[in-house]
Amino acid sequence: MLSVRMTAIALLWLMAGPDFAAAQAPASGGPVDAALIEDLVAANRILADQGVLDAYGHVSIRHPANPNRYLVSRAMSPANVTAADIMEFDLDSNPVDQRGRSMFLERFIHGEIYKVRPDVNSVIHSHSPAVIPFGITKVPLRPVFHTAAFLYVGVPVFEIRDAGGTTDMLVRNAALAHALAATLGDKPVALMRGHGNVVVGPNVKRATIRAVYTEVDARLQTVALGLGGPINYLSPEEGALREKNPGEEGRAWDGWKEKALRK
Ligand SMILES: [Zn+2]
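Residues numbered from 1 in each chain as written. Predicted model: local features only at pLDDT ≥ 70, side-chain atom pairs only at ≥ 80, totals over all residues. Heavy atoms only, no water.

### Considering the confidence of the model for the protein chain
Atom-level detail of predicted coordinates should not be read off regions where pLDDT is low. Across the protein chain, pLDDT averages 92, with 91% of residues at or above 70. In this model residues 6–21 is a low-confidence stretch, pLDDT under 50, and it forms one contact with partners more than four residues away in sequence or in other chains. (pLDDT = per-residue confidence, 0-100. Contact = heavy atoms within 4.5 Å.)

Have a look at this one:
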């Protein structure tokens with residue numbers, strides 16, 4: 001009886017095996033322009049070179065032909081990412097074609113933000129070191145210079161305890177990522193207490209520039225706080241005016257890319 005049942009289970013497994021897995025994998029959004037993949041690769045290298053991404057952060061883009069797919073590298077150090085390392089996921093963060101490649105545990109951050117932010121086409125999660133003090137104190141991160149003007153709308157802080165109680169701090173499932181996306185709301189940046197931040201943008205170049213200048217702004221604000229006395233921040237009106245015309249991305253991007261890829 002037991003052997004009959006085991007044979008039946010084995011048969012079922014054989015019948016369902018690869019086809020079952022293929023049926024479960026989401027369909028691809030289709031081919032992506034090589035130039036856009038090159039930008040995603042460059043973003044990885046730039047953010048590593050600029051000290052925003054350490055060995056563990058990640059940057060993604062929304063699939064240009066299917067808003068319900070996104071692209072991010074396999075789990076690896078951003079400094080070494082190449083086009084061959086880019087994987088595709090649906091917004092529940094299931095891989096389209098895993099082929100045995102390891103995946104970022106925190107990839108849910110990307111899928112859940114893309115679900116609720118149709119204006120966003122690139123998401124960066126980093127452990128940007130200078131922002132950490134602003135996630136663990138009552139001091140809000142604010143724009144201290146014009147290249148960080150986008151921070152004028154405010155920088156919310158994600159408290160993972162509110163979403164998941166005591167955790168290992170990692171946003172390792174859709175529920176935690178959904179709560180993080182809710183904290184981000186319509187903002188460009190949210191800090192994650194004791195962890196890092198998420199930065200979003202309408203394209204990968206703008207998101208990258210924001211991530212770099214969020215790190216620089218945090219560094220400068222910390223210096224200003226150390227000097228003491230009241231700080232003369234950019235006013236919301238100044239921030240709004242600067243953000244109306246933030247300039248084209250090319251100048252910062254091209255220089256950073258050249259420097260990062262020279263290595
Ligand atoms: Zn992380």
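### Regarding the environment of Ala 84
If you trace the backbone, Ala 84 turns up in the loop between strand E2 (69–73) and strand E3 (86–90). What makes Ala 84 exposed here is its relative accessible area of 65%. Taking C-alpha positions, Ala 84 is 20 Å from Leu 53, a pair spaced 31 residues apart along the chain. (Helix = DSSP H or I, 4+ residues; strand = E, 2+ residues; numbered from the N terminus. Buried < 20%, exposed > 50% of the residue type's maximum accessible area, 1.4 Å probe, protein only.)

### A closer look at the packing of helix H2 (residues 34–49) against helix H9 (residues 250–262)
Remark: H2 packs on H9, axes separated minimally by 9 Å, with the N-to-C direction vectors making an angle of 75°. Between H2 and H9, the angle falls in the class roughly perpendicular. Residues Glu 38, Asp 39, Ala 42, Ala 43, Arg 45, Ile 46 and Asp 49 of H2 touch H9, and the partners they reach there are Trp 253, Trp 256, Lys 257, Lys 259, Ala 260 and Leu 261. Residue composition of the contact of H2 with H9, by class: seven nonpolar, no polar and six charged. (Axes fitted to C-alpha atoms, helices over the stretch in contact; angles between N-to-C directions. Parallel < 35°, antiparallel > 145°, perpendicular 65-115°, else oblique. Nonpolar A, V, L, I, M, F, W, Y, C, P; charged D, E, K, R; others polar.)

### Some remarks on the sheet that holds strand E7 (residues 196–201)
Sheet architecture is open: seven strands sit in the order E3-E2-E1-E4-E7-E6-E5, paired in mixed fashion. Here the strands that pair on one side only, and so sit at the sheet edges, are E3 and strand E5 (157–158). In this sheet, strand E4 (residues 122–126) lies alongside strand E1 (residues 58–62) in antiparallel orientation, the contact comprising four bridges. Opposite His 58, over in E4, you have His 125 as the bridge partner. (Pairing = 2+ DSSP bridges.)

### Topic: the coordination of the zinc ion
In an ideal octahedron of six donors the angles at the metal are 90 or 180 degrees, and in an ideal tetrahedron of four donors they are 109.5 degrees. Looking at the zinc ion, one finds its protein donor set to be Glu 106 (OE), His 125 (NE2), His 127 (NE2) and His 195 (NE2), positioned 2.1 to 2.2 Å from the metal centre. Coordination at the zinc ion is irregular: its four donor atoms span angles of 93 to 146° at the metal. Coordination of the zinc ion draws on donor residues from a single chain, spaced E-x18-H-x1-H-x67-H in sequence. Taken together, the positions of His 127 in the loop between E4 and helix H4 (132–136) and His 195 in the loop between strand E6 (189–192) and E7 put the pair 68 residues apart, joining distant regions of the chain. The exposure classification of His 127 matches that of His 195, with both residues buried. (Donors = N, O, S within 2.8 Å, 3.2 Å for Na, K, Ca; no water. Tetrahedral: all angles 85-135°; square planar, octahedral: opposite > 155°, others 65-115°.)

### Points about the side chain of Arg 101
Mapped onto the elements of the fold, Arg 101 is located in the loop between E3 and helix H3 (108–116). This buried residue, Arg 101, is left without a salt bridge; Asp 97 holds the nearest opposite charge, at 4.8 Å. Those residues in contact with Arg 101 that sit more than four places away from it in its chain are Arg 74, Ala 84, Ile 86 and Met 87. (Lys, Arg positive; Asp, Glu negative; His and termini not counted. Salt bridge = Lys/Arg side-chain N within 4 Å of Asp/Glu carboxyl O.)

### Quick look at the packing of H2 against helix H7 (residues 204–227)
Put simply, H2 and H7 touch, their axes get as near as 10 Å, and they point 5° apart. In terms of their interaxial angle, H2 and H7 are classed as roughly parallel. Along the contact surface, H2 presents Asp 39, Ala 43, Ile 46 and Leu 47, while H7 presents Val 204, Lys 205, Thr 208, Ala 211 and Val 212. By residue class, the composition of the contact of H2 with H7 is six nonpolar, one polar and two charged.

### With respect to the pattern of salt bridges
In the structure shown here, the tally under the stated rule is 15 salt bridges. Salt bridges sharing partners connect three or more residues here, namely Asp 92, Glu 112 and Lys 115.

### Description of the pairing of E6
A two-sided burial pattern is seen for E6, the buried positions comprising Val 189 and Leu 191 on one face and Ala 190 and Met 192 on the other. In terms of strand pairing, E6 meets E7 through four bridges, oriented antiparallel. Across the sheet, the residue bridging to Met 192 is Gly 196, located in E7. Hairpin connection, E6 to E7: the antiparallel pair is bridged by three residues, and Gly 194 has positive phi, about 65°.

### Concerning the nonpolar core
By size, the foremost hydrophobic cluster in this structure holds 36 residues, and its most contacted members are Leu 47, Val 59 and Ile 124. Counting only elements with at least two residues in this core, the list comes to H2, E1, E6, H7 and H9. Sorting elements by how many residues they give to this core places H2 first, with seven residues. The residues contacting Val 59, other than those within four sequence positions of it, are Leu 40, Ala 43, Asn 44, Leu 47, Leu 53, Leu 71, Val 72, His 110, Ser 122, Val 123, Ile 124 and Val 204. Counting residues in each nonpolar core, the second largest holds 25 residues, with Met 87, Ile 109, Ala 181 and Leu 184 among its members. (Core = buried A, V, L, I, M, F, W, Y, C linked by side-chain atoms within 4.5 Å.)

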